[in-house]
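Next come the chains, spelled out residue by residue.
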Amino acid sequence: MRRCSPTGSFKIGFPIIRTAARGLLLAVFVLYSCQKLITFSFCFEVKIYIEYSMETVSTDKAPGAIGPYSQAIKANGMIFCSGQIPIDIATGQFVSDDIAEQTEQVLRNLSAVLEAAGSGLDKVVKTGVFLADMNDFAVMNEVYGRFFDSNKPARATVEAARLPRDAKVEIDCIAVA
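Just so you know, these numbers come straight off a predicted model, no measurement behind them.

Asker: Just checking my understanding: could you explain the pairing of strand β5 (residues 78-84) for this structure?
Answerer: It is a general feature of regular strands that their side chains alternate between the two faces of the sheet. Inspection of the sheet shows strand β4 (residues 72-75) paired to β5 by four bridges, in the antiparallel sense. If you follow Ile-73 over to β5, its bridge partner there is Phe-80. Linking β4 to β5, which pair antiparallel, is a turn of two residues; within it Asn-76 sits at a positive phi near 50°. Sheet topology note: the β5/strand β10 (residues 169-176) ladder contains five bridges and is antiparallel.

As structure tokens, then:
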């Protein structure tokens, strides 16, 4: 019978690797030593602790929240802006009933919130556009294109049955800080 020396060499392979925040990881190790094949397996729990930062963003250069929510939340380098409607902060009223003017005011309001968070429209990665009437899409899109001329974020546009204070347009966004 041949004996293994403690200085013998061995190879370990990982045929199954699965990432999970919590759960079981099954790993099968194959150990080659002393010209014999020995296979064994075991399970263990993996805990991953993720640190994050989160802060509320607020500015008086855009309309305040009309309810229990924030103008935006800045979390881990991302900014999540609540939907803005076309309120002129100087008057507290809509700028007009015109969809082009409403869209322009909404985007100015979004820009002010993003600036308060240390970002801007050039760092927006996704927008959500809510229209009271999809027939206003072309006009809204023309104004929207002027604000996003170099950066063209991903976008979803939907018609909503009714928007806050009967606005014709509301836009929310996600941006990089």
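Asker: What is the right way to read helix α2 (residues 137-147) from this model?
Answerer: Looking at α2, one finds that the buried residues are Met-140, Val-143 and Tyr-144. Along the long axis of α2, the arc covered by the buried residues comes to 105°, so they all point the same way. The elements touched by buried residues of α2 are α1 (99-116), β8 (124-131), β9 (154-159) and β10.

Asker: What exactly am I supposed to notice about the nonpolar core here?
Answerer: Note that soluble globular proteins tend to have their nonpolar side chains buried in a common cluster. If you look at the biggest cluster of nonpolar residues, it comprises 24 residues, and the most contacted ones within it are Cys-81, Leu-114, Val-169 and Ile-171. For this core, the elements supplying multiple residues, two or more each, are β5, α1, β8, α2 and β10. Examining the composition of this core, we find that seven residues originate from one element, α1, more than from any other. Setting aside anything within four residues of it in sequence, one finds Cys-81 in contact with Gln-71, Ala-72, Leu-110, Val-113, Leu-114, Asp-172 and Cys-173. Counting six residues, the second-largest nonpolar core is a separate cluster that includes Ile-85, Phe-94, Ala-160 and Leu-163.

Asker: I tried to follow the packing of aromatic side chains on my own but got confused; where do I start?
Answerer: The description of two aromatic rings rests on the distance between their centres and on the angle between their planes. All chains considered together, the criterion is met by one aromatic pair. Taking 4.6 Å as the distance between ring centres and 40° as the angle between the ring planes, the aromatic pair formed by Tyr-144 and Phe-148 counts as tilted. On the accessibility criterion, Tyr-144 (6% relative accessible area) is buried. Geometry around Tyr-144 places Arg-155 over its ring, the cationic atom sitting 4.5 Å from the centre.

Asker: Looking at this structure, I do not really get the side chain of Thr-103. What am I missing?
Answerer: Position of Thr-103 relative to the elements: it lies in helix α1. Classification of Thr-103 as buried rests on a relative accessible area of 0%. Within polar-contact distance, the side chain of Thr-103 engages the backbone oxygen of Ile-99 at 2.8 Å. With sequence-adjacent residues up to four places away left out, Thr-103 is seen in contact with Met-140, Val-143, Tyr-144 and Val-169.

Asker: Just to check I follow, could you spell out the pattern of salt bridges for this structure?
Answerer: A side chain with one charge can pair with a side chain of the opposite charge if their charged atoms come near. Under the definition given, this model contains three salt bridges. A salt bridge links Arg-146 to Glu-142; its shortest N-O distance comes to 3.3 Å. With Arg-146 and Glu-142 both in helix α2 and four residues apart, this pair spans about one turn of that helix. On the basis of relative accessibility, which here comes to 46%, the residue Glu-142 falls in the partly exposed class.

Asker: Would you explain unusual backbone geometry in this entry?
Answerer: Generally, phi is negative for residues other than glycine and the peptide bonds are trans, each holding for most cases. With a phi close to 50°, Asn-76 is a non-glycine residue in the positive phi region. Looking at where Asn-76 falls in the secondary structure, it is placed in the loop between β4 and β5. Overall, Asn-76 belongs to the partly exposed group, its relative accessible area being 48%. Backbone geometry at Asp-166 places phi at a positive 60°, although glycine is not the residue there. Position of Asp-166 relative to the elements: it lies in the loop between β9 and β10.

Asker: What exactly am I supposed to notice about the pairing of β9 here?
Answerer: Where β8 and β9 come together, six bridges link them in parallel fashion. Bridge pairing in β9 links Thr-127 to Arg-155. Each parallel crossover has a hand, and for β8 linked through α2 to β9 it is right-handed.

Quick notes on the rules
- Residues numbered from 1 in each chain as written.
- Predicted model: local features only at pLDDT ≥ 70, side-chain atom pairs only at ≥ 80, totals over all residues.
- Heavy atoms only, no water.
- Pairing = 2+ DSSP bridges.
- Helix = DSSP H or I, 4+ residues; strand = E, 2+ residues; numbered from the N terminus.
- Buried < 20%, exposed > 50% of the residue type's maximum accessible area, 1.4 Å probe, protein only.
- Arc of directions from axis to C-beta.
- Contact = heavy atoms within 4.5 Å.
- Core = buried A, V, L, I, M, F, W, Y, C linked by side-chain atoms within 4.5 Å.
- Phe/Tyr/Trp six-rings, centres within 6.5 Å; stacked < 30°, edge-to-face > 60°.
- Lys NZ or Arg CZ within 6 Å of the ring centre and 35° of its normal.
- Polar contact = N/O pair within 3.5 Å; in protein donor to acceptor, adjacent residues only side chain to side chain.
- Salt bridge = Lys/Arg side-chain N within 4 Å of Asp/Glu carboxyl O.
- Right-handed = clockwise from strand over helix to strand, strands pointing away.

Take it as geometry only, folks, not as evidence of what the structure does.
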